[in-house]
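# Analysis of the macromolecular model
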Amino acid sequence: MPYQPEVRKDDAAAFLSDALGKPVQVVELKRLASGQSRETLVVKTDQPDEAELVFRIEQGGVLGTSSEPEFKLLQALHGGPVPVPKPRWLVEDPQWFGYPFMVTERVEGDGSFGYLAEPEKAQTILRTYIKSIGEMHRYSCEELGLHELGIPKDTRQSTLEQLDLWTDRYERYRYVREPLLEEAIAWLRRNIPEPKRPVRLNHGDLSAGNFILHEGKIMAHVDWEWSNLGDPMEDVAFFAYIKGRMFGPPEPILDLLREVEEFEIGGDELLYWEIFNYFKAACANIATLKVFNEGRNYGLNMVAIGTGGFLGFTRRTAEALRTASG
Amino acid sequence: MRPTSDELIVGIRNVLEDVLIPELQSDWAQAMGTQMALMLQHLEGRADREPDFLAGENAKLEGVLAKANAALGDDAVAAPAPPAEAGLEGLREHNEALRQAITDAIHAAYEQGEYGFHDLPADRLGITEDLMEIATRQAEFWQPIGFTYPGRQRR
């Protein structure tokens, strides 16, 4: 189904009436333009005792993820030391919006990143965010209550699992083979770093738009669909080399991360995770093309991601590999 | 016949940009409108461009495979036969088969010997620069689709 605000309002009201067992009206519904993998709706109801809600609707496999693992993670994390939105419903039935979706309570604060236009403010927020990243990586999986999710025995196993996961997505969604990416897959499998630190919670998509800020404090980390239990160097490299570029170049960000992380950041290991993350981004991006071409989602941004985005990350993967070989 | 496909595409894009997009209310609708303008810009001339582009890329890939096979010696991989079907579909199928063969060659190179962290099969086969050039040309083909809008280029 295409996004149509009035239809979505009716759909959301119908679902909430069913879920809450009483008639519910949606008084305000806003689609967030940011976020590529989910149609994200902020919904205000006529129920005085009901929080504002955030609907995250799958888009037919965009970026290669599903809602269930993310919802289970939020259930495990909510109320613990890593702040996340309160999960409310996971709905697999496509009758409401055409795709599975999850609903969380809206966290008070702002998830937009207009502050990036104000360099001084952006640097203050960057430091706050990086401190929260360090805290996230400090807790053991057991301390966070994640044992039921299946904790890999070490970072080598978790890295192999992540490689399998992303390679599978590439195989499912590609149209032709990309030799440069195929070389990277083979290289990544042969050069998995030896385990040096415990398995930790990785957010997987640390980004300026993926936390909620209120009065200078991180109220919640959101958009956990790429999360995994693995080597926290994945998060470090992802933020420094990919999404952190919204704040500035990688080196100063890596210096800040070195201040908060309890492990050494650098060397071949960091290079490995830089390459891994470019590969991961390329695999995620190619998924959008097939869901567009098969009519499962006809947002035109899907084409931009699946062509320009995929090729861009493929080239970055190959160039970083050349750094490794040079 | 006039207007040609390209003239119609340009006309549609002009209306989209001058008449429709300014009237769109939400951020989402405006983002989609801008993406539509990009798609239309890409479509102008694509029907003429694509066969030449694919034929050129296939010739380049055939050269890459020949170079890789020369380096592989006895472990050379099978080169795909030229396309049985003329036209765009044949070119696409041949392109896919060539990419598969080059991937096989990269794996065959990995099987030939020991590789360290700073060591890559495409470099040993001498095909890195060619593959990078092919990837660069691919990205150029898809212009102006991407995350930034270069601004309108009216005719």
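Note that this is a predicted model, so its numbers are computed, not measured.

Turning next to the overall build of chain A. Per the secondary structure count, chain A includes 9 helices and 9 strands. For chain A, the C-alpha radius of gyration of 20 Å lies close to 20 Å, the compact-globule estimate for 326 residues. In terms of its C-alpha atoms, chain A occupies a principal-axis envelope of roughly 65 × 45 × 40 Å. Across the 326 residues of chain A, 59% fall into the buried class.

Attention shifts here to the sheet that holds strand S1 (residues 26-31) of chain A. Residue and element names in this part refer to chain A. Pairing is antiparallel in the open sheet, where 5 strands are placed in the order S1-S2-S3-S5-S4. Edge positions in the sheet fall to S1 and strand S4 (87-91), since each has one partner strand and no second. Ignoring which end each strand starts from, the neighbouring axes of this sheet average 20° apart. Of the strands in this sheet, strand S2 (38-45), strand S3 (53-58), S4 and strand S5 (101-105) are in contact with helix H2 (residues 67-77), which crosses S4 at around 155°.

With that settled, consider unusual backbone geometry. With an omega of 0°, the peptide bond running from Arg-2 of chain B to Pro-3 of chain B counts as cis. Note that Pro-3 of chain B resides in the segment before helix H1 (5-20). Along the chain, Gln-143 of chain B connects to Pro-144 of chain B via a cis peptide bond; the corresponding omega equals 0°. If you trace the backbone, Pro-144 of chain B turns up in the segment after helix H6 (128-141). Here Asp-223 of chain A, not a glycine, exhibits a phi torsion of approximately 60°, which is positive. Secondary-structure assignment places Asp-223 of chain A in the loop between strand S8 (217-221) and strand S9 (228-230).

Listed per partner, the contact involves 35 residues of chain A and 36 residues of chain B. Note on chain A versus chain B: buried area summed over both sides is about 3300 Å², and carbon and sulfur give 69% of it. Sorting the residues of chain A by area buried against chain B places Pro-179, Arg-190 and Leu-300 of chain A first, and these three jointly supply 17% of that buried surface. Seen at the junction of chain A and chain B, the total is 2 salt bridges. Between Arg-99 of chain B and Glu-178 of chain A there is a salt bridge; the shortest N-O distance is 3.2 Å. At the boundary of chain A and chain B, one finds 8 residue pairs in polar contact (both at pLDDT 80 or more). Where the side of chain A that touches chain B is concerned, the elements lending two or more residues are helix H5 (179-190), helix H8 (267-293) and helix H9 (301-325) of chain A.

Procedures and definitions
Residues numbered from 1 in each chain as written. Chains lettered and ligands numbered in written order. Predicted model: local features only at pLDDT ≥ 70, side-chain atom pairs only at ≥ 80, totals over all residues. Heavy atoms only, no water. Helix = DSSP H or I, 4+ residues; strand = E, 2+ residues; numbered from the N terminus. Rg over C-alpha atoms; globule rule 2.2 N^0.38 Å. Buried < 20%, exposed > 50% of the residue type's maximum accessible area, 1.4 Å probe, protein only. Pairing = 2+ DSSP bridges. Axes fitted to C-alpha atoms, helices over the stretch in contact; angles between N-to-C directions. Contact = heavy atoms within 4.5 Å. Buried area = accessible area lost by both parts, 1.4 Å probe. Salt bridge = Lys/Arg side-chain N within 4 Å of Asp/Glu carboxyl O. Polar contact = N/O pair within 3.5 Å; in protein donor to acceptor, adjacent residues only side chain to side chain.

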